[in-house]
Number of protein chains: 2
Amino acid sequence: MTTERSKSDLTRTRILDAAARTFRQKGYAATTLNEIASAADMQAGSLYYHFGSKDELLEEVLDIGANKVNDAIKESQERLPPEATHRERIRAAVDAHLTMLLKHCDYTSANISIFAQIPEEIQQRHLPKRDALAAQWRRILTRAQKAGALRDDVDLSMVRMLLLGALNWSVEWYKPGKTSIPAMADHICLMLLDGIGSKSSTRRNTEGRAAEVA
Amino acid sequence: MTTERSKSDLTRTRILDAAARTFRQKGYAATTLNEIASAADMQAGSLYYHFGSKDELLEEVLDIGANKVNDAIKESQERLPPEATHRERIRAAVDAHLTMLLKHCDYTSANISIFAQIPEEIQQRHLPKRDALAAQWRRILTRAQKAGALRDDVDLSMVRMLLLGALNWSVEWYKPGKTSIPAMADHICLMLLDGIGSKSSTRRNTEGRAAEVA
DNA sequence: GTCTATATTCAGATAGAC
DNA sequence: GTCTATCTGAATATAGAC
């Protein structure tokens, strides 16, 4: 087992990188093999030396993307000291998830953003990988709740869906430079754990319409 | 001005319904005019009597979807009494947004789920409609913050993105019957305003790894 | 391994009969 | 208004030269 890579492997990676980036930008069906090939500096026909079909390319992109975010979250938890608070654990997972989604990793963002619009057969085959990610989040939240760090009257699976929604949707609006990932993680944890309502949030709006902002 | 509809208008609507549903399910590029026509009980060629092109059909679906959710949120606010709390206002907007997205309205869910993967030129032309929705949410949150119902140290535009993310992502996982929209709205408002952390959420996890759940 | 050339299929779109 | 038939272009995929 060596870390050395054959020339063929490097080309494969170049193609996969190009495919992930293009899939993410334009979607699966709208991406042509010509675009992928051109982004990888080759001709469309040459792709078939490395991959059997467009679907095969897609499946490998999906798998890599899922593995990367799964690994990142796993490592984020292992990196914490055993005495870390559950707030710290959640915050670390949020940060890892966002970092994979928004930095470095077209594979993960491609996976997240095109999954709903790929052929159903491929979705089915990929479900186990998605379940593994869900299971990690479920475990983090369940441990927190059992330890008393989360209210015990909330539906954790709904909380998980809403939380992952807030995270995953960021691929639709995040612009590097305009927002920082740590700031996002802070806001997520603040909302999730503390809420952003002040004590007066249930007070009657006695000024009524007069409070309207022009 | 009459509510009567010509036969042609009814057919147009039938086609638009079919298009919205199919776009939502399979994405824009992967949807063929044959599928839309077949879902509308006609032949592909006949579509061109009613619409000039596939793009034109898409643009009309997008517009209708945006209008429906915009109107629903507007009405949700107008329906409230002037003395309603800001919590009630936010809750009503969340409910309206989710209801449009998940019930009755393939147009809104199509708009939300395919927008990122349609031709860029069409995205650009549709931006004003999206901005109108953003503006409504911005106004609801800003008024709440100015009235002291929301902490004044949070970045409202980030909060808005995260909140809308949690809402919009529900098109990816919501299954009618399995979850109720009011329950979702409750959880959203609880997380957003109160947080789901208990007071012990920052306590050290003194049991360390022993707390692990099998 | 990558190229060029091409087979094949199928999409969006048009024309004219009814 | 809708049909059938068809044009045209483009996409996936293959074959064989280099």
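An account of the accompanying structure is given in this report. (Residues numbered from 1 in each chain as written. Chains lettered and ligands numbered in written order. Predicted model: local features only at pLDDT ≥ 70, side-chain atom pairs only at ≥ 80, totals over all residues. Heavy atoms only, no water.)

## Some points on the overall build of chain A
So, step 1. From N to C terminus, chain A includes 10 helices and zero strands.
So, step 2. Traced from its N-terminal end to its C-terminal end, chain A shows the element sequence α-α-α-α-α-α-α-α-α-α.
So, step 3. If you line up chain A on its principal axes, its C-alpha atoms span 70 × 50 × 35 Å.
So, step 4. Burial statistics for chain A: of 214 residues in total, 50% are counted as buried.
So, step 5. Put simply, of all contacts in chain A between residues at least 6 apart along the chain, 68% involve residues at least 24 apart.
So, step 6. About 10,500 Å² of surface is accessible on chain A, with carbon and sulfur atoms providing 50% of the total.
So, step 7. Between the mean site of the 30 positive side-chain charges and the mean site of the 28 negative ones, chain A shows a separation of 4 Å. (Helix = DSSP H or I, 4+ residues; strand = E, 2+ residues; numbered from the N terminus. Buried < 20%, exposed > 50% of the residue type's maximum accessible area, 1.4 Å probe, protein only. Contact = heavy atoms within 4.5 Å. Areas by Shrake-Rupley, 256 points an atom, 1.4 Å probe, with all protein chains shown as cover. Lys, Arg positive; Asp, Glu negative; His and termini not counted. Charge placed at Lys NZ, Arg CZ, Asp CG, Glu CD.)

## Observations regarding the interface of chain A and chain B
So, step 1. The partner chain B presents 64 residues to the 64 residues of chain A that form the contact.
So, step 2. A combined buried area of about 6,100 Å² lies between chain A and chain B, and 59% of that area is made up of carbon and sulfur atoms.
So, step 3. Broken down residue by residue, the surface that chain A buries against chain B is led by Q117, W169 and I196 of chain A, which jointly contribute 13%.
So, step 4. Summed over the shared surface of chain A and chain B, the number is zero salt bridges.
So, step 5. In this structure, the connection of chain A to chain B is made through 16 residue pairs in polar contact (both at pLDDT 80 or more).
So, step 6. Within the residue set of the side of chain A that touches chain B, elements represented by two or more residues are helix 1 (7–26), helix 4 (54–78), helix 5 (86–102), helix 6 (106–114), helix 7 (120–146), helix 8 (156–168), helix 9 (170–173) and helix 10 (181–194) of chain A.
So, step 7. When its residues are assigned to classes, the side of chain A that touches chain B shows 27 nonpolar, 20 polar and 17 charged. (Buried area = accessible area lost by both parts, 1.4 Å probe. Salt bridge = Lys/Arg side-chain N within 4 Å of Asp/Glu carboxyl O. Polar contact = N/O pair within 3.5 Å; in protein donor to acceptor, adjacent residues only side chain to side chain. Nonpolar A, V, L, I, M, F, W, Y, C, P; charged D, E, K, R; others polar.)

## Section: the relation of the copies chain A and chain B
So, step 1. Once chain A has been moved 0.0 Å along the axis and rotated by 180°, it coincides with chain B to within an RMSD of 0.0 Å. Taken together, these values place the two copies in the relation of a two-fold axis. (Least-squares fit on C-alpha atoms with pLDDT ≥ 70 in both.)

## Looking at the protein's contact with DNA strand C
So, step 1. The immediate surroundings of DNA strand C are formed by 14 residues, with S8, Q43, S46 and H50 of chain A together with Y48 of chain B found nearest.
So, step 2. Backbone atoms, meaning sugar and phosphate, form 76% of the atoms of DNA strand C found within 4 Å of the protein.
So, step 3. At 2.6 Å, a side-chain N or O of S46 of chain A approaches a phosphate oxygen of DNA strand C.
So, step 4. Counting only elements with at least two residues in the surface near DNA strand C, the list comes to helix 1 and helix 3 (47–50) of chain A.
So, step 5. Split into classes, the residues belonging to the surface near DNA strand C amount to four nonpolar, nine polar and one charged. (Near = heavy atom within 4 Å.)

## Here we look at the protein's contact with DNA strand D
So, step 1. Lining the immediate environment of DNA strand D, one finds 14 residues, of which Y48 of chain A together with S8, Q43, S46 and H50 of chain B sit closest.
So, step 2. The protein-proximal atoms of DNA strand D, defined as those within 4 Å of the protein, are 78% sugar or phosphate.
So, step 3. A distance of 3.4 Å separates a phosphate oxygen of DNA strand D from a polar backbone atom of T31 of chain A.
So, step 4. One of the backbone nitrogen or oxygen atoms of L33 of chain A is found 2.9 Å away from a phosphate oxygen of DNA strand D.
So, step 5. Counting only elements with at least two residues in the surface near DNA strand D, the list comes to helix 1 (7–26) and helix 3 (47–50) of chain B.
So, step 6. Here the surface near DNA strand D is composed, by residue class, of four nonpolar, nine polar and one charged.

## Section: the environment of L133 of chain B
Residue and element names in this part refer to chain B.
So, step 1. Along the polypeptide, L133 turns up in helix 7 (residues 120–146).
So, step 2. Residue classification places L133 among the buried residues on the basis of a relative accessible area of 14%.
So, step 3. Separated by 64 residues in the primary sequence, L133 and V69 have C-alpha atoms spaced 7.8 Å apart.
So, step 4. The residues touching L133, leaving out its near neighbours within four places in the chain, are V69, N70, I73 and H97.

## A few points about helix 10 of chain A
So, step 1. Here helix 10 of chain A contains 14 residues, and its C-alpha end-to-end distance of 19 Å stays within 8% of the 20 Å for a straight helix at 1.5 Å per residue.
So, step 2. Where helix 10 of chain A is buried, its residues contact helix 5, helix 8 and helix 9 of chain A together with helix 8 (156–168) and helix 10 (181–194) of chain B.
So, step 3. With its phi angle positive at about 80°, G195 of chain A sits one or two positions after the end of helix 10 of chain A. (Expected span 1.5 Å × (residues − 1).)

## Details of the nonpolar core
So, step 1. Core analysis: the biggest nonpolar cluster contains 132 residues, and F23, I90 and W137 of chain A together with F23, I36, I90 and W137 of chain B have the highest contact counts within it.
So, step 2. Those residues in contact with I36 of chain B, other than ones at most four positions away along the chain, are I15, A18, A19, T22, F23, T31, L47 and L57 of chain B. (Core = buried A, V, L, I, M, F, W, Y, C linked by side-chain atoms within 4.5 Å.)

## A few points about the side chain of N111 of chain B
So, step 1. With respect to the helices, strands and loops of the structure, N111 of chain B is situated in helix 6 (residues 106–114).
So, step 2. Among all residues touching N111 of chain B, those that are not within four sequence positions of it are L62, G65, A66, H126 and R130 of chain B.

## Description of the packing of helix 4 of chain A against helix 7 of chain A
All names here are of chain A.
So, step 1. Packing of helix 4 against helix 7 brings their axes to within 10 Å, and their N-to-C directions diverge by 10°. One way to sum up the angle between helix 4 and helix 7 is to call them roughly parallel. On helix 7, the residues that touch D55, L58, E59, L62, D63, A66, N67, V69, N70, I73, K74 and Q77 of helix 4 are I122, R125, H126, K129, A132, L133, Q136, W137 and I140.
So, step 2. Of the residues contributing to the contact of helix 4 with helix 7, the split by class is 10 nonpolar, five polar and six charged. (Axes fitted to C-alpha atoms, helices over the stretch in contact; angles between N-to-C directions. Parallel < 35°, antiparallel > 145°, perpendicular 65-115°, else oblique.)

## With respect to the packing of aromatic side chains
All names here are of chain B.
So, step 1. Taken as a whole and assessed by the stated rule, the structure comprises two aromatic pairs over all chains.
So, step 2. The residue whose ring lies beneath K54 is Y28, and the NZ or CZ to ring-centre distance is 4.4 Å.
So, step 3. For the cation-ring pair, R130 lies above F115, with the distance from its terminal atom to the ring centre recorded as 3.9 Å. (Phe/Tyr/Trp six-rings, centres within 6.5 Å; stacked < 30°, edge-to-face > 60°. Lys NZ or Arg CZ within 6 Å of the ring centre and 35° of its normal.)

## Focus on the pattern of salt bridges
Residue and element names in this part refer to chain A.
So, step 1. Under the definition given, this model contains 22 salt bridges over all chains.
So, step 2. Among the salt bridges present, the one from R125 reaches E59, with a minimum N-O distance of 2.7 Å. Of this pair, R125 sits in helix 7 while E59 sits in helix 4, placing them 66 residues apart in sequence.
So, step 3. Look at R125 and you get partly exposed, because its relative accessible area is 46%.
So, step 4. By relative accessible area, which is 24% here, E59 ends up partly exposed.
So, step 5. Here K74 makes a salt bridge to E78, at a shortest N to O gap of 3.8 Å. Note that K74 and E78 are positioned in helix 4 at a spacing of four residues, about one turn of the helix.

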